[in-house]
Amino acid sequence: MPAPESRTVVVTGATRGAGKGIAVALGATGATVYVTGRTRDTDTTDAPGSVQATAREIDARGGTGIPLVCDHADDEQVRAAFEQVEGERGSVDILVNNAFTIPGGLTDPGPFWHKPLGLHSMFEVGLRSTYVASYYAAPLLVAAGGGLVVNTSSFGGRCYMHGPAYGAGKAAVDKMAHDMAVDFQPHGVAVIALWMGILKTERIRAALDSGTVPERYRAIAAVAEDPQFSGRVIDALARDPALMSRTGHVLIGAEIGAELGVVDVDGSTPVSHRATLGDPPTFSTAVVD
């Protein structure tokens, strides 16, 4: 892995939330960070943000931010985005698969058949988009001579969280990280799934300020992580000499952060939710071609 200031990083779904925080934190290391998202210019919705705004913040932190307007539901746009990265940089050192859709009704109480059928959109921008971005990024990661792929995920891959559509999507990107690690192993590219805690995203901050966070989430929201914490953890993993020993695993961000000496933006050490939400999965070492 090259020095941080020489890295080429791609963070998908980085207009706001986890993706923006990760991109900004990695940009603060001096890296060149490509950020993808659908929003070209900052809007006035309840969750404002744009790829341009994220890129400008990366620049302000000492990195180089490059906006890529890309709808991850459109494979051709994803292909074109990575062709641009290849033409400008030649390779990729870190890919963070974070593009995800949050459909309406996701956190509504009740069984899945009382919620909108459209929750299956998470299988497109979330599950499928992780595969497609990794597919087009793979030759660029191999060209770098080693690298890191991170699929952002959550405890929802193991426990009941928001219903079966959300859980299936998260469990799938966890398993995808394990299986991609097998293919990338000969090329020195590590692949991990990173379980993040609840994050102080723009939406969560607004809900906390307005007092509209559902009671069942308040205890976890009280110990929420800044979105930049996950980016700091990814940077620490990329620097870790033992990185390849972690490939194919599902890692809890708070635990890896504590192990590698990473703190949140306020200097705190985020807590792991393993005790209440469950352990990461353990996959078989068998390989059937």
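Just so it is clear, the model here is predicted, and its values are computed rather than measured.

1. Let's talk about the packing of helix α4 (residues 124–143) against helix α5 (residues 164–184)
1) Next: The geometry of α4 relative to α5 is characterised by a closest axis approach of 11 Å and an angle of 20° between their N-to-C directions. The angle between the axes of α4 and α5 places the two elements in the roughly parallel class. Seen along the crossing, α4 lies across α5 with a hand that is right-handed. Residue-level inspection shows Gly126, Leu127, Thr130, Tyr131, Ser134, Ala138, Leu141 and Val142 of α4 in contact with α5, the latter providing Ala172, Val173, Met176, Met180 and Phe184.

2. Some words on the pairing of strand β2 (residues 32–37)
1) Next: β2 sits mainly inside the fold: six of its six residues count as buried.
2) Next: Of the two faces of β2, the one lined by Thr32, Tyr34 and Thr36 and the one lined by Val33, Val35 and Gly37 are each fully buried.
3) Next: Bridge count between strand β1 (residues 8–11) and β2: four bridges; the pairing is parallel. Along β2, the bridge assignment pairs Thr8 with Thr32.

3. Concerning the pattern of salt bridges
1) Next: Counted by the stated rule, this structure contains 12 salt bridges.
2) Next: Its salt-bridge partner being Asp235, residue Arg7 comes within 2.8 Å of it at the nearest N-O pair. Separated by 228 residues along the polypeptide, Arg7 in the segment before β1 and Asp235 in helix α8 (residues 227–239) bring together distant segments of the chain.
3) Next: Linking Glu76 and Arg79 is a salt bridge whose minimum nitrogen-to-oxygen distance equals 2.6 Å. With Glu76 and Arg79 both in helix α3 (residues 75–89), this residue pair falls three residues apart, about one helical turn.
4) Next: According to the relative accessible area criterion, Arg79 is partly exposed, its value standing at 25%.
5) Next: Each member of the salt-bridge network shares a partner with another, and the members are Arg7, Asp235 and Arg239.

4. With respect to the environment of Gly105
1) Next: Topologically, Gly105 is positioned in the loop between β4 (94–97) and α4.
2) Next: The exposure class of Gly105 is buried, given its relative accessible area of 17%.
3) Next: Between the C-alpha atom of Gly105 and that of Leu117, which follows or precedes it by 12 residues, the distance is 9.6 Å.
4) Next: In this view, Gly105 contacts Lys115, Pro116 and Leu119; residues no more than four positions away in its chain are not counted.

5. Some points on the side chain of Thr8
1) Next: Mapped onto the elements of the fold, Thr8 is located in strand β1.
2) Next: A distance of 2.8 Å separates polar atoms of two side chains, one belonging to Thr8 and the other to Arg89.
3) Next: Residues contacting Thr8, with those up to four places away along its chain left out, are Thr32, Tyr34, Val85, Arg89, Ser91, Val92, Asp93 and Ile94.

6. Some points on the packing of aromatic side chains
1) Next: For the structure shown, the criterion picks out four aromatic pairs.
2) Next: Aromatic pair Phe100 and Tyr166: ring centres 6.1 Å apart, planes at 85°, arrangement edge-to-face. Of this pair, Phe100 sits in the loop between β4 and α4 while Tyr166 sits in helix α5, and the two are 66 residues apart along the sequence.
3) Next: Plain terms: the ring middles of Tyr135 and Tyr136 are 5.2 Å apart, the flat faces sit at 90° to each other, and that makes the pair edge-to-face.
4) Next: Taking relative accessible area as the criterion, Tyr135 reaches 54% and is therefore assigned exposed.
5) Next: The lysine or arginine in question, Lys170, covers the ring of Phe100, its NZ or CZ lying 4.0 Å from the ring centre.

Reading the values: the criteria
- Residues numbered from 1 in each chain as written.
- Predicted model: local features only at pLDDT ≥ 70, side-chain atom pairs only at ≥ 80, totals over all residues.
- Heavy atoms only, no water.
- Axes fitted to C-alpha atoms, helices over the stretch in contact; angles between N-to-C directions.
- Helix = DSSP H or I, 4+ residues; strand = E, 2+ residues; numbered from the N terminus.
- Parallel < 35°, antiparallel > 145°, perpendicular 65-115°, else oblique.
- Left-handed = near helix turned anticlockwise from the far one by under 90°.
- Contact = heavy atoms within 4.5 Å.
- Buried < 20%, exposed > 50% of the residue type's maximum accessible area, 1.4 Å probe, protein only.
- Pairing = 2+ DSSP bridges.
- Salt bridge = Lys/Arg side-chain N within 4 Å of Asp/Glu carboxyl O.
- Polar contact = N/O pair within 3.5 Å; in protein donor to acceptor, adjacent residues only side chain to side chain.
- Phe/Tyr/Trp six-rings, centres within 6.5 Å; stacked < 30°, edge-to-face > 60°.
- Lys NZ or Arg CZ within 6 Å of the ring centre and 35° of its normal.

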